[in-house]
Amino acid sequence: MQESDSLFRLSGPSQEDIDSFHNDGYIAYPDVFTDDGREGLIEEITQHFEPTRNYIAELERNPDNTRAFFMRPWNERREYSDRLIDDPFITNLLSATIRDAYHFCHSALNLAPKGIGPIRYHYDHHHWRYENPINLAERNKYYIQILYYPNGFKRGDRNLKVIPGSHKVEPLEGVTPERILAGEFDDKVGRKLEEKRLELPPGSMVYIDARIFHGVEAKPLDSTQPYRIFCIDIFKQAGPPHLYTQEIPSEWMERATPERKKLFTRDGYTEGCWNEKQ
Ligand SMILES: O=C(O)CCC(=O)C(=O)O
Ligand SMILES: [Fe+2]
């Protein structure tokens, strides 16, 4: 794919972005999609996919519905969302931050309506079991979440919030966001660990090390945005599957370029897979 085919305004991260990834555990990219990329992705998600179309129609009929639309894995990807997987910007960002030994893990799609409650602080690197030797050996490997917000969010209205630097706290059992926010680990990581509430315009993206603590605020009933669109692609450093490492649909493999095949060539999660390999 040529650079000009990108869905993004940028071709790769700056040194400042890379530093922010390592020091803060995330990079926020406001308005990083091209107009065509943003509009195409929104149209694809809201108009060209029957389950979301039905969900949105139902929301219009019944505005009291506060149930989210959630799909994982999100396999029905058409032109725009499919291109996201190995867009040159994404590939450059991944190799600049975690080098080349990484695979596609899984993706998900989420629509959050007015009235939906918050998601408490958590990190998503917990797909490993703490007591399992395979998991313990793999736990310090990268697990990258690329969060796309095609229609953006305002502070106080389904905003993402993060604790910058919290990825540096070793993910041992008993390490909780409450203890981190109370300052118990500030000395260990050499900085004050505190909450940062983000606000991002349509066409934004956030690139995070999944060891960073993050959460989401509620969407008020009087929000002017009827639903917030959120989709996510997750990449993992080469190694055994995580809990949600998805099976790659055979059609994806059949039409994959050699580069894409490399991203997809890894084991998916199956029950017992961690034990069998011990
Ligand atoms: O809805 C969001 O903005 C982020 C949700 C989240 O934390 C996740 O998918 O891991
Ligand atoms: Fe999360």
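Thresholds applied
- Residues numbered from 1 in each chain as written.
- Chains lettered and ligands numbered in written order.
- Predicted model: local features only at pLDDT ≥ 70, side-chain atom pairs only at ≥ 80, totals over all residues.
- Near = placed C-beta within 6 Å.
- Nonpolar A, V, L, I, M, F, W, Y, C, P; charged D, E, K, R; others polar.
- Pairing = 2+ DSSP bridges.
- Helix = DSSP H or I, 4+ residues; strand = E, 2+ residues; numbered from the N terminus.
- Core = buried A, V, L, I, M, F, W, Y, C linked by C-beta atoms within 7 Å.
- Buried ≥ 20, exposed ≤ 12 C-beta atoms within 10 Å, placed from the backbone.
- Contact = placed C-beta atoms within 7 Å.
- Axes fitted to C-alpha atoms, helices over the stretch in contact; angles between N-to-C directions.

Draft legend 1. Here's a closer look at the site of ligand 1. Lining the immediate environment of ligand 1, one finds N110, I119, D124, L147, L160, H214, V216, F230 and I232. The residue inventory of the shell around ligand 1, partitioned by class, reads 6 nonpolar, 2 polar and 1 charged.

Draft legend 2. View of the sheet that holds strand β7 (residues 196–197). Read from one edge of the open sheet, 4 strands run β4-β9-β6-β7, paired in antiparallel fashion. Looking at strand neighbours, the two that pair on one side only are β4 (119–122) and β7, the edges of this open sheet. Strand direction decides the pairing type here: β4 and strand β9 (residues 214–216), joined by 2 bridges, are antiparallel. Across the sheet, the residue bridging to H122 is H214, located in β9.

Draft legend 3. Geometry of the nonpolar core. Of all hydrophobic cores here, the largest spans 56 residues; its most connected members are Y26, I146, L147, M205, V206 and Y207. The element contributing the most residues to this core is strand β10 (residues 227–237), with 7 residues. Excluding its chain neighbours within four sequence positions, the residues that come into contact with M205 are Y29, V32, I146, L147, Y148 and Y149.

Draft legend 4. How the structure looks around the sheet that holds strand β5 (residues 143–149). Read across the sheet, 6 strands follow the order β1-β8-β5-β10-β3-β2 without closing on themselves; strand pairing throughout is antiparallel. Only two strands of the sheet have a single neighbouring strand rather than two, namely β1 (26–29) and β2 (69–71). Taken pair by pair, the neighbouring strands of this sheet meet at an average axis angle of 15°, ignoring direction. Strand direction decides the pairing type here: β1 and strand β8 (residues 204–209), joined by 4 bridges, are antiparallel. Pairing of Y29 across the sheet is with M205, part of β8. Against the sheet, helix α5 (residues 88–98) engages β3 (102–113), β5, β8 and β10, with an angle of about 145° to β5.

Geometric descriptors of this kind do not, in isolation, establish any biological role.
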